[in-house]
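Tertiary structure, described
As a plain string of letters, each chain reads:
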Amino acid sequence: MAEKKENKEKTIEEKIKEQNIKKVAVFTSGGDAPGMNACIRAVVRTCSYHGVQIKGIMRGYAGIIDGDFKNMTPRSVSNIIQRGGTILKSARSEEFKTKEGMEQAYFNLKAERIEGVIAIGGDGTFRGAYEFSQKYDIPFIGVPGTIDNDMFGTDFTIGYDTALNTVVECIDKIRDTAHAHDRLFFIEVMGRDAGFIALYSGIASGAEAILIPETETNIDNLVESLDYGWRRKKTSSIVLVAEGEEVGGAIEIAKMVKERMNGRYDIRVTILGHIQRGGAPTCNDRVLASRLGVRATEALLAGERNIMAGMINNKIVFTDFVKATKHNTEINRDLLRISEILSY
Ligand code: F6P
């Protein structure tokens, strides 16, 4: 009986008590994403729930180097769950990549008696955390926050759903003009290395073609399929171009198509840009951010280190930083086929 009790897996509360961590910190880094505030709120309140002090670090890694820390309480994160951007601000720090920058960061964290850090950001953020963990003894836990959805170890990143909804709303509006004027629009959406935004929003808005970095783009084939649409009485079309498309951005591709089109379509280009990064997070992003924030914080307090919290098949999973940043997230090929069939 006594042996059975010893083998019993400890509860999260027991593990947290055993670690007895007194103070941790949270920051946001890389491109801001809607839902980051909801995640900060979850981290701060989870710490308070477990009786742990929490500091907010301003401007990501840059703020660690500058010692820009502020006290956070459950009340300092009131009324932010619905706000886009990040109350802790965000930055991409080149200095943190240097030996001196990391040393200074470690010095400041130690001086503040920070025993662990929650990093909310994308792959650049976790690469930084991994490098730091190779040299210093302060554990990091990551939460994926980027509109690009390009992280291995989670089905969705915080901000992706909101960005998709923004993009779809914009495309719907452009579609009105495309239809009214019989035009061909090239719309460029974000996604430096990945086509997730383009693929999902393209299906949702009925785009005639979707060009993404994960697939090979052939301009002659694109012209042929637009031509085919023209012959079947399609008077307007929308081509979605992911920012990271290897052949070029929407402007270059529109130019190449125009040269081959013999004036058959009146062509216009729209680059959606940073409008995709702002705005109130959707319900899905708020819930995702809240769930990941709570579980990442509890993992940190329970003694876990250098892993990213993600959600796969509606379950929280943890992936180590190396895997999360080095593995490429595969695009779902079935979605490409679906978009092709539905644009017929
Ligand atoms: O990583 C998110 C992202 O929005 C990318 O899609 C885009 O390429 C990049 O950030 C833009 O970054 P910045 O705001 O620094 O120009």
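Residues numbered from 1 in each chain as written. Predicted model: local features only at pLDDT ≥ 70, side-chain atom pairs only at ≥ 80, totals over all residues. Heavy atoms only, no water.

1. Observations regarding unusual backbone geometry
Residues apart from glycine generally show negative phi values, whereas peptide bonds are mostly found in trans. The backbone of Asn-149 sits at a positive phi, close to 60 degrees, despite the residue not being glycine. Judged by relative accessible area, Asn-149 falls into the buried class, the value being 4%. Notably, Lys-233 is not glycine yet its phi reads approximately 70 degrees, a positive angle. Taking relative accessible area as the criterion, Lys-233 reaches 72% and is therefore assigned exposed. (Buried < 20%, exposed > 50% of the residue type's maximum accessible area, 1.4 Å probe, protein only.)

2. Side note on the sheet that holds strand β8 (residues 237-242)
Strands sit in the order β7-β8-β6-β9 across an open sheet of four strands; the sheet is parallel. The open sheet terminates on both sides in strands that have one partner only, identified here as β7 (209-211) and β9 (266-271). Each adjacent strand pair in this sheet contributes to an overall mean axis angle of 15 degrees, direction not counted. Sheet topology note: the β7/β8 ladder contains three bridges and is parallel. Residue pairing across strands places Ala-209 opposite Val-239, the latter belonging to β8. (Pairing = 2+ DSSP bridges. Helix = DSSP H or I, 4+ residues; strand = E, 2+ residues; numbered from the N terminus. Axes fitted to C-alpha atoms, helices over the stretch in contact; angles between N-to-C directions.)

3. Quick notes on the side chain of Arg-175
With respect to the helices and strands, the residue Arg-175 is situated in helix α7 (residues 160-181). Polar contacts involving the side chain of Arg-175 include one to the main-chain carbonyl oxygen of Gly-206, which spans 2.6 Å. Those residues within four positions of Arg-175 in sequence are excluded, and the remaining contacts are Ser-205, Gly-206, Ala-207, Glu-208, Ser-237 and Ile-238. (Polar contact = N/O pair within 3.5 Å; in protein donor to acceptor, adjacent residues only side chain to side chain. Contact = heavy atoms within 4.5 Å.)

4. Focus: the domain arrangement of the chain
Under the domain assignment, the chain is made up of domain 1 (12-159 + 281-326) and domain 2 (163-276). The gap between the C-alpha centroids of domain 1 and domain 2 is 36 Å. Between domain 1 and domain 2, the contact holds eight residues from the first and eleven residues from the second. The largest contributions to the domain 1 side of the interface with domain 2 come from Ile-147, Asp-148 and Asp-150, which together make up 55% of the buried area. Taken together, the connections running from domain 1 to domain 2 amount to zero salt bridges. On inspection of domain 1 and its partner domain 2, the count reaches one residue pair in polar contact (both at pLDDT 80 or more). Partitioning the side of domain 1 that touches domain 2 into residue classes produces two nonpolar, three polar and three charged. (Domains from an automatic or database assignment. Buried area = accessible area lost by both parts, 1.4 Å probe. Salt bridge = Lys/Arg side-chain N within 4 Å of Asp/Glu carboxyl O. Nonpolar A, V, L, I, M, F, W, Y, C, P; charged D, E, K, R; others polar.)

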